[in-house]
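Analysis of the macromolecular model
What follows is each chain in one-letter form.
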Amino acid sequence: MLRQLATRQVRLTSKGGVSFARNIRHISNIVSQKDASEDSQTGKFINTLNKPYSVTTYARPNLVLTHGKGSLLYDLENRQYVDFTSGIAVTCLGHANKELAEIIHDQSTKLLHCSNLYYNLPAGELANKLVSKTKESGGMKDAQRVFLCNSGTEANEAALKFARKYGKSINENKIEIITFNNSFHGRSMGALSVTPNPKYQAPFAPLIPGVQVADTADIESVKSLIHKDKTCAVIIEPIQGEGGINVVSEKFLTELRKLCDDNEVLLIFDEIQCGLGRTGKLWAHSNLEQAVHPDILTMAKALGNGFPIGATMITEKVENSLAVGDHGTTYGGNALGARIGSFVVDKITDETFSEGVNEKSAIFVSLLSKIVEKYPDHVESVKGKGLLLGLQFKDNLTNSAVVDKCRENGLLAITAALNVLRIVPALNIPNDLIREGVEILDFSIKQVIEESK
Ligand SMILES: Cc1ncc(COP(=O)(O)O)c(C=O)c1O
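Note on numbering: residues in each chain are counted from 1, in written sequence order. Local features in a predicted model are, by the rule used here, given only for residues with pLDDT of at least 70; side-chain atom pairs are given and counted only at 80 or more, and totals for whole chains, interfaces and linings are based on all residues.

**With respect to the sheet that holds strand 17 (residues 420-423)**
To keep it simple, the criterion reads: By the convention used here, strands pair only if DSSP detects at least 2 bridges between them. Only DSSP runs of H or I reaching four residues or more are called helices, and only runs of E reaching two or more are called strands; each is numbered from the N terminus. Comment: axis = line fitted to C-alpha atoms, over the contacting stretch for helices; angle = value between 0 and 180 degrees taken between N-to-C directions. We call two residues in contact if the C-beta atoms placed from their backbones are at most 7 Å apart.
Pairing is antiparallel in the open sheet, where four strands are placed in the order 13-14-17-16. Taken across any chain shown, the strands that pair with only one partner, and hence form the sheet edges, are strand 13 (379-385) and strand 16 (414-416). Taken pair by pair, the neighbouring strands of this sheet meet at an average axis angle of 30°, ignoring direction. As judged from the six bridges shared by strand 13 and strand 14 (residues 388-393), these two strands associate in the antiparallel manner. If you follow Gly384 over to strand 14, its bridge partner there is Leu389. Across the sheet, helix 13 (residues 351-374) is in contact with strand 13, strand 14 and strand 17; its angle to strand 13 comes to roughly 165°.

Below is the structure:
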């Protein structure tokens, strides 16, 4: 019965047209609403159908999203939200993108999947496009080959395996990997091993051996760990996402590249969150001198706009140490995912689109800076680059309390480590929704501060 109710409600809200009506809100007409109660349709659906049958992973509020349009989302209670999350930097072209829906439909009538036993057209096109567009954008100068997979963690898993194989091709003991404090590279055993967060790692120890942890603010910490005979790779996010929206300095990356070169060590850039147009260029490293470019680049998230896809891009030097059968995947490079990825890459590398990202970033930074000025005792600074932004709170304002309050007021935002509120909207978020969302954020911060007095 409840299952029928839930299904009917979804159908009503997604087809009834009512909830697509755009309600522009200003501070004067923001209506705060607590999360749906346990007695609501939402509460009943979660507690009866979902939670008892789902493996415990996330702590989630009583919120069931049913559909979206662009940068707006709607829930089972017909509430509307401005979306500053884009599914954690994923739906870069917004929800329910019409052109993408047509492409998905078209490809689904031709070929979804045929495994990697054979070639398919979209996978070849995507690999080729990623390499050529990367070079056009000023990124990874020696990019040559692409391994397609299904997620960020798999892209990093491949990167780590390729690096180990490369290291072992030089000397059997060249297997160590250097990673950094506050980094996040995924949850599979390999990716988790280079994600030095005790909360994520401790329950699953022992992890893979040979991982060393350095600090992005201290190049000496790398110097003390890197060894020509032992280290095969260094993995780093040019802008740390989960870890608190920390932009790694150009100087540090330049010195790091030099250390890698001096020690025959591969440099892996994880651009899973910061890449694919989020900083106004195809890659966060596209602005760096060629001499600083990586040997391996990993990507995922925005590449599929919500369809699970990831990729690992390597140079010919790395390719040379790999052989048939070393690595593989059933779904990676499936025709549907690759066709979607190709469409996304075309869109985000369009010059007008990238200019839009820079313009939207400037609007965000200017409005967020006003929040910093308005609440100097509680808000420290604006962090990040492009549309990977954060508000650094002081100790007397908790990021999760503000995220909860924002949700009650109709805005979805995310936390990041170090007490940061993370903002990663669709790259084409309309300017009026940026203003509306930041107004809700401002209002929510004020409410949380007042309630804590
Ligand atoms: C920088 C970075 N690397 C890797 C991952 C893992 O990606 P996925 O969740 O697709 O496995 C994430 C996810 O948040 C990420 O932000």
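**A word on the site of the ligand**
Definition in use: The criterion for a residue being near a molecule or strand is a backbone-placed C-beta atom within 6 Å of that molecule or strand. Amino acids outside the nonpolar list (Ala, Val, Leu, Ile, Met, Phe, Trp, Tyr, Cys, Pro) and the charged list (Asp, Glu, Lys, Arg) are all regarded as polar, and Gly is one of them.
Within the structure, the ligand sits among 15 residues, and Gly152, Thr153, Gly186, Ile272 and Gln273 are positioned closest to it. Counting residues per element, the shell around the ligand draws most heavily on helix 6 (residues 152-170), at three residues. Residue classes in the shell around the ligand are distributed as four nonpolar, eight polar and three charged.

**Section: the packing of helix 13 against helix 15 (residues 431-451)**
What counts, and what does not: Should an angle fall under 35 degrees it is called roughly parallel, over 145 degrees roughly antiparallel, and 65 to 115 degrees roughly perpendicular, with every other angle called oblique. The sense of a crossing depends on the near helix, which, turned anticlockwise from the far helix by less than a right angle, makes the crossing left-handed and, turned clockwise, makes it right-handed.
At a closest axis distance of 10 Å, the pairing of helix 13 and helix 15 adopts a crossing angle of 20°. The pairing of helix 13 with helix 15 is recorded here as roughly parallel in orientation. Handedness of the helix 13/helix 15 crossing: right-handed. Where helix 13 approaches helix 15, its residues Lys360, Ile363, Phe364, Leu367, Leu368 and Ile371 are matched on the opposing element by Asn431, Ile434, Arg435, Val438, Leu441, Asp442 and Ile445.

**Here we look at the nonpolar core**
Convention followed: Definition of nonpolar core: a set of buried Ala, Val, Leu, Ile, Met, Phe, Trp, Tyr and Cys residues joined via C-beta atoms within 7 Å. Counting other C-beta atoms within 10 Å of a residue's own tells you its class, since 20 or more makes it buried, 12 or fewer makes it exposed, and anything in between is partly exposed; those C-beta atoms are placed from the backbone. Domain delimitation follows an automatic or database domain assignment.
Counting 111 residues, the largest nonpolar core has Ala163, Val234, Leu266, Ile268, Ile296, Ala311 and Ala413 as its most contacted members. When residues of this core are assigned to domains, at least three map to each of domain 1 (2-83 + 352-451) and domain 2 (102-349).

**What about the domain arrangement of the protein?**
A common way to state how big an interface is: give the accessible area lost once the parts meet. The domains assigned to the protein are domain 1 (2-83 + 352-451) and domain 2 (102-349). For domain 1 and domain 2, the distance between their C-alpha centres works out to 29 Å. Opposite the 19 residues of domain 1 that make contact, domain 2 presents 17 residues. Secondary-structure elements contributing two or more residues to the side of domain 1 that touches domain 2 are helix 13, strand 13, strand 14 and strand 17. Looking at the side of domain 1 that touches domain 2, the element that brings in the most residues is helix 13, giving five residues.

**Topic: the sheet that holds strand 1 (residues 65-69)**
Read across the open sheet, the four strands follow the order 1-2-3-15; overall the sheet is mixed. Both edges of this open sheet fall to strand 1 and strand 15 (411-412), since each of them pairs with a single strand only. The sheet contact formed by strand 3 (residues 80-83) and strand 15 spans two bridges and is parallel. Bridged to Val82 within strand 15 is Leu411.

**Some thoughts on the pairing of strand 7 (residues 231-236)**
With respect to burial, strand 7 is a largely interior element, six of its six residues being buried. Pairing geometry for strand 5 (residues 176-180) and strand 7, over three bridges, is parallel. When the sheet's bridge partners are listed, Ile178 is paired in strand 7 with Val234. Of the strand pairs in this sheet, strand 7 and strand 10 (residues 266-270) are connected by four bridges, and their pairing is parallel. Paired with Ala233 across the strands is Leu266, a residue of strand 10.

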